[in-house]
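The primary structure of each chain is shown beneath.
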Amino acid sequence: IDSLQKTLAAMPEDTNRVMAYRLLFRALYAEDRSGALLEVAEKGLALSRKLDYSKGLSLFIFYKASALDILGRGNESIPLFEEGLQLAKNKGDQQAVADYLINLGTAYYSLGSMDKSLQNYLGAYDIYKLSNQKESLSKVLNNIGIIYRSQEKYDRAEAIYKESLTIKRELLDTLGMAAAYQNLAALYSIVNRHEEAI
């Protein structure tokens, strides 16, 4: 990290510098130095905007929004996630669209806006279903189930958790299966189906 920071200080303001900011951001993230992430993301985004560098914009819109979210500033991350979503749609990059929808869903969930959270999760669900991305599909299903559970739509939540569990079994994802079982058990506890919960 120190050597990257020294190198960056001496670099001209070009696309290579943007990519050096990317390396620094990723190194800081890997070492869980969340306090420094936002500053690096802001510098990378500002330079990408100045250079009109589309690859840098895609990266650093996401990085800055993620850094804000990590810092508990989800309300500030939403406009950036929405800007990134629009860029991804304009490029026709469905994987990036799904990633932005997931992050928007999470940001809205943390702010207590369940309907907007669900809307974004369902958008990602459609993309994963069409592209047969089973691992991503099973994860977003758990998120959707949590929303339905919080909205007291227990039958719908149960069906969603079971769909996720079926996919986790197909993938032999034991950790994911454990999470799905935990979600089902919590649901059954809420609705007084204690034997099933156990």
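Above this note sits the structure.
Because the structure is predicted, anything quoted here is derived from the model rather than measured.

Things to note about the nonpolar core
Counting residues in hydrophobic clusters, the biggest one holds 62 residues, and the most contacted among them are Phe25, Phe60, Ala124, Tyr128, Leu137, Val140 and Ile144. Among all residues touching valine 140, those that are not within four sequence positions of it are Ile102, Tyr121, Ala124, Tyr125 and Tyr128.

Some words on helix H10 (residues 174–190)
Between its first and last C-alpha, H10 extends 24 Å over 17 residues, near the 24 Å set by a 1.5 Å rise per residue. Among the residues of H10, those classed as buried are Gly176, Met177, Ala180, Asn183, Leu184, Leu187 and Tyr188. All buried residues of H10 project into a common sector of 135° when viewed along the axis, lining one side. Opposite the buried face of H10, by more than 90 degrees, sit the exposed residues Thr174, Leu175 and Gln182.

Comments concerning the packing of aromatic side chains
Under the defined criterion, the tally for this structure stands at five aromatic pairs. Considering the side-chain rings of phenylalanine 25 and tyrosine 63, the 4.2 Å spacing of their centres and the 5° angle between planes classify their relative orientation as stacked. Of the two residues, phenylalanine 25 sits in helix H2 (residues 15–30) while tyrosine 63 sits in helix H4 (residues 54–70), which places them 38 residues apart along the sequence. Comparing phenylalanine 25 with tyrosine 63, the two get one shared label, buried. Each ring, one from phenylalanine 81 and one from tyrosine 100, has its centre 6.3 Å from the other, and the planes form 65°; the classification is edge-to-face. Note that phenylalanine 81 is positioned in helix H5 (residues 74–91) and tyrosine 100 in helix H6 (residues 94–110), a separation of 19 residues in sequence. Here phenylalanine 81 matches tyrosine 100 in class, with each residue buried. A network of ring pairs unites the aromatic residues Phe25, Phe60 and Tyr63 as a single cluster.

A word on the packing of H5 against H6
One way to put it is that H5 packs onto H6 with a least axis distance of 9 Å and a crossing angle of 160°. In terms of orientation, H5 and H6 fall into the roughly antiparallel class. Note on packing geometry: the crossing formed by H5 with H6 is left-handed. On the side of H5, the interface is formed by Gly74, Ser77, Ile78, Phe81, Glu82, Gly84, Leu85, Ala88 and Lys89, while H6 contributes Ala96, Val97, Tyr100, Leu101, Asn103, Leu104, Ala107 and Tyr108. Of the residues contributing to the contact of H5 with H6, the split by class is eleven nonpolar, four polar and two charged.

Describing unusual backbone geometry
Excluding glycine, residues mostly have negative phi values, and the peptide bonds linking residues are mostly trans. Even without glycine at this site, asparagine 132 takes up a positive phi of about 55°. Residue placement: asparagine 132 occurs in the loop between helix H7 (114–130) and helix H8 (134–150). Residue class for asparagine 132 comes out exposed when judged on its relative accessible area of 55%. The phi torsion at leucine 172 lies on the positive side, around 55°, for a residue other than glycine. Turning to its location among the elements, leucine 172 is positioned in the loop between helix H9 (154–171) and H10.

What to know about the pattern of salt bridges
Enumeration according to the criterion identifies 13 salt bridges in this entry. With its nearest N and O atoms 3.1 Å apart, the salt bridge here joins arginine 193 to glutamate 158. Within this pair, whereas arginine 193 is found in the loop between H10 and helix H11 (194–197), its partner glutamate 158 is found in helix H9, the two being separated by 35 residues in sequence. Judged by relative accessible area, arginine 193 falls into the partly exposed class, the value being 27%. Among the salt bridges present, the one from aspartate 173 reaches lysine 168, with a minimum N-O distance of 3.2 Å. Under the relative-accessibility criterion, lysine 168 is labelled buried at 3%. Three or more residues are tied together by salt bridges with common partners; here these are Glu158, Lys162, Arg193 and Glu196.

Cut-offs and rules
- Think of each chain on its own: its residues are numbered from 1, step by step along the sequence as written.
- Since the coordinates come from a predicted model, pLDDT governs what is reported: local features require at least 70, and pairs of side-chain atoms require 80 or more to be given and counted, while whole-chain, interface and lining totals use all residues.
- Side-chain calculation: all heavy atoms of the structure are included, whereas hydrogens and water are not.
- Each nonpolar core is a collection of buried residues, namely Ala, Val, Leu, Ile, Met, Phe, Trp, Tyr and Cys, held together in the definition by side-chain atoms within 4.5 Å.
- Only protein chains enter the calculation, and the probe is 1.4 Å; a residue is then buried if its accessible area is under 20% of its type maximum, exposed if over 50%, and partly exposed in between.
- Residues are treated as being in contact if the distance between any of their heavy atoms lies within 4.5 Å.
- Numbering of helices and strands runs from the N terminus, with a helix taken as a DSSP run of H or I at least four residues long and a strand as a DSSP run of E at least two residues long.
- A helix's residues, less one, multiplied by 1.5 Å, set its expected span.
- An arc is given here, and it is the one of the directions from the helix axis to the C-beta atoms.
- Geometry of aromatic contacts follows a simple scheme: Phe, Tyr and Trp rings, the Trp one being its six-membered ring, pair when their centres are within 6.5 Å, and the pair is stacked under 30 degrees between planes, edge-to-face over 60, tilted otherwise.
- Axis definition: a line fitted to C-alpha atoms, over the contacting stretch in the case of helices. Angles run 0 to 180 degrees between N-to-C directions.
- If an angle is under 35 degrees, it is roughly parallel; if it is over 145, roughly antiparallel; if it lies from 65 to 115, roughly perpendicular; otherwise it is oblique.
- In this scheme the handedness of a crossing depends on how the near helix is turned from the far one: anticlockwise by less than a right angle means left-handed, clockwise means right-handed.
- Only Asp, Glu, Lys and Arg are considered charged in this grouping, and only Ala, Val, Leu, Ile, Met, Phe, Trp, Tyr, Cys and Pro are considered nonpolar; every other residue, Gly among them, is considered polar.
- The term salt bridge refers to a side-chain nitrogen of Lys or Arg lying within 4 Å of a carboxyl oxygen of Asp or Glu.

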